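As a plain string of letters, each chain reads:
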Amino acid sequence: MTSAEIQYNQSFVELFDTLIQIVKTERAQTKAERNAFAAFAKRISNQQISRSQVSTDTTYMIDCTTSQSDIITRLNSIQSAYEETVMDLPFYHDEYNDSYTESIRAEFGTEIATALSSAACFGPNVEKALLDRIATIRSERKKHIETCNREYNSIKTASNVLIPVDEQLSAHEATLISAEPIDESETEYSRLSSIYDRCETVAEKRQKIIHQQHKSYTSRTDADIHTYLYDSLDVTYPILTMCIDTIARIDRFYQYSEPVITIDT
């Protein structure tokens, strides 16, 4: 990440379009998941087992006043509700490619997932714990949506600076003839110094955003938000990488002192 120059097969316009599309897709899918969990909670709330049918023990065990067939029917209805809401999202299988058992274990934890898979362990306490967990999941999804919004705004802010800078440098580079000396006039130097400073400002702002995201983001995958969002890209911090690339181009063509941008994670 601290190399002098990084080469791209795409223009900055294309790269920023890619980043924006990644974040917009993630935000849209997270909103859809949050709504799906709300629909799932509503369906299972409508037919909860009466709490009088469960012992006051702190475990999830249900007593004999509820028949096994009733419990199995209830478990099947919960599974159907989950499969017809959360797992029925159009992107679900492409994103997760898991079974019902795997999915509920990932979302609700081992204890609840086990109770949802066994008539011997199921009862109103399980349903209460399940509904509480769904509320937490929806809260986590909301937080993730807010993170995506911040990331989207950060990308747009950076693109408003880096795309015009990239276009200016590309146009100027196209006119350079290697046998001729570089224009070192005061006007040229001032212009390039301004570009250099703008890129460094973008990099500094981006680093602050990264640190803020690290502090506030709780990932479902144990990855930080940038690793999670940009795992399909060659670099984890693409905007910082673009800043490095741009400053390196100024150094190479205009003999600035070599910059060092450290990506602090």
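Residues numbered from 1 in each chain as written. Predicted model: local features only at pLDDT ≥ 70, side-chain atom pairs only at ≥ 80, totals over all residues. Heavy atoms only, no water.

### A few points about the overall build of the protein
A tally of regular secondary structure across the protein gives 9 helices and 0 strands. Per-residue burial over the protein gives 43% buried out of 265 residues. In the protein, the share of contacts with a sequence separation of at least 24, taken over all contacts with a separation of at least 6, comes to 77%. Entry remark: accessible area of the protein is about 14,300 Å², with carbon and sulfur atoms responsible for 48%. (Helix = DSSP H or I, 4+ residues; strand = E, 2+ residues; numbered from the N terminus. Buried < 20%, exposed > 50% of the residue type's maximum accessible area, 1.4 Å probe, protein only. Contact = heavy atoms within 4.5 Å. Areas by Shrake-Rupley, 256 points an atom, 1.4 Å probe, with all protein chains shown as cover.)

### Looking at the side chain of Arg 27
Mapping Arg 27 onto the fold places it in helix 1 (residues 12-45). Buried Arg 27, no salt bridge; nearest opposite-charge side chain is Glu 26, N-O distance 10 Å. Reaching out from Arg 27, the side chain makes a polar contact with the side chain of Asn 149 at a distance of 2.8 Å. (Lys, Arg positive; Asp, Glu negative; His and termini not counted. Salt bridge = Lys/Arg side-chain N within 4 Å of Asp/Glu carboxyl O. Polar contact = N/O pair within 3.5 Å; in protein donor to acceptor, adjacent residues only side chain to side chain.)

### Here's the deal with helix 4 (residues 100-108)
Every buried residue of helix 4 is accounted for by Tyr 100, Ser 103, Ile 104, Glu 107 and Phe 108. Projected down its long axis, helix 4 shows its buried positions confined to an angular sector of 100 degrees, all on one face. Immediately downstream of helix 4, the backbone of Gly 109 shows phi near 95 degrees, a positive value. (Arc of directions from axis to C-beta.)

### Observations concerning the environment of Asp 17
Inspection of the secondary structure puts Asp 17 in helix 1. Residue Asp 17 is classed as partly exposed on the basis of its relative accessible area of 48%. In the structure, Asp 17 is positioned 139 residues away from Lys 156 in sequence and 9.7 Å away in space, judged by C-alpha atoms.

### Points about the packing of helix 1 against helix 2 (residues 68-85)
At a closest axis distance of 9 Å, the pairing of helix 1 and helix 2 adopts a crossing angle of 155 degrees. Comparing the axis directions of helix 1 and helix 2 gives the class roughly antiparallel. Here the hand of the crossing between helix 1 and helix 2 comes out right-handed. For the pair formed by helix 1 and helix 2, the contact residues are Ala 36, Phe 37, Ala 39, Phe 40, Arg 43 and Ile 44 on the first element and Arg 74, Ile 78, Ser 80, Ala 81, Tyr 82, Glu 84 and Thr 85 on the second. Each residue belonging to the contact of helix 1 with helix 2 can be placed in one class, and the counts come to 8 nonpolar, 2 polar and 3 charged. (Axes fitted to C-alpha atoms, helices over the stretch in contact; angles between N-to-C directions. Parallel < 35°, antiparallel > 145°, perpendicular 65-115°, else oblique. Left-handed = near helix turned anticlockwise from the far one by under 90°. Nonpolar A, V, L, I, M, F, W, Y, C, P; charged D, E, K, R; others polar.)

### Focus: the packing of aromatic side chains
Applying the stated rule across the entire model yields 7 aromatic pairs. Centroid distance Phe 37 to Phe 108: 6.3 Å. Interplanar angle 85 degrees. Geometry classified as edge-to-face. With Phe 37 in helix 1 and Phe 108 in helix 4, this pair connects stretches of sequence that are 71 residues apart. Just as Phe 37 is buried, Phe 108 falls in that class too. A centroid spacing of 4.9 Å and a plane angle of 35 degrees characterise the contact between Tyr 92 and Tyr 96, whose relative ring orientation is tilted. By relative accessible area, which is 28% here, Tyr 96 ends up partly exposed. (Phe/Tyr/Trp six-rings, centres within 6.5 Å; stacked < 30°, edge-to-face > 60°.)

### Looking at the side chain of Arg 249
The residue Arg 249 is located in helix 9 (residues 238-254) in this model. Taking the relative accessible area as the measure of exposure, Arg 249 reaches 7% and is therefore buried. A polar contact is formed between the side chain of Arg 249 and the side chain of Ser 170, at a distance of 3.2 Å.

### Points about the environment of Arg 43
Inspection of the secondary structure puts Arg 43 in helix 1. Expressed as a C-alpha distance, the spacing of Arg 43 and Ala 81, which sit 38 residues apart in the sequence, is 6.6 Å. Not counting residues up to four positions away in its chain, the partners in contact with Arg 43 are Ser 80, Ala 81, Glu 84 and Thr 85. At 2.8 Å, the side chain of Arg 43 and the side chain of Glu 84 are in polar contact.

### As for the nonpolar core
Ranked by size, the top nonpolar core spans 31 residues in total, and within it Phe 16, Ile 155, Leu 162, Ile 239 and Met 242 carry the most contacts. Listed in part, the 30 residues of the second largest apolar core include Leu 75, Tyr 100, Ile 104 and Phe 122. (Core = buried A, V, L, I, M, F, W, Y, C linked by side-chain atoms within 4.5 Å.)

### Some thoughts on unusual backbone geometry
Phi at Asn 97 is positive, roughly 50 degrees, even though this residue is not glycine. Its location among the elements puts Asn 97 in the loop between helix 3 (92-95) and helix 4. Its relative accessible area of 63% is what places Asn 97 among the exposed residues.

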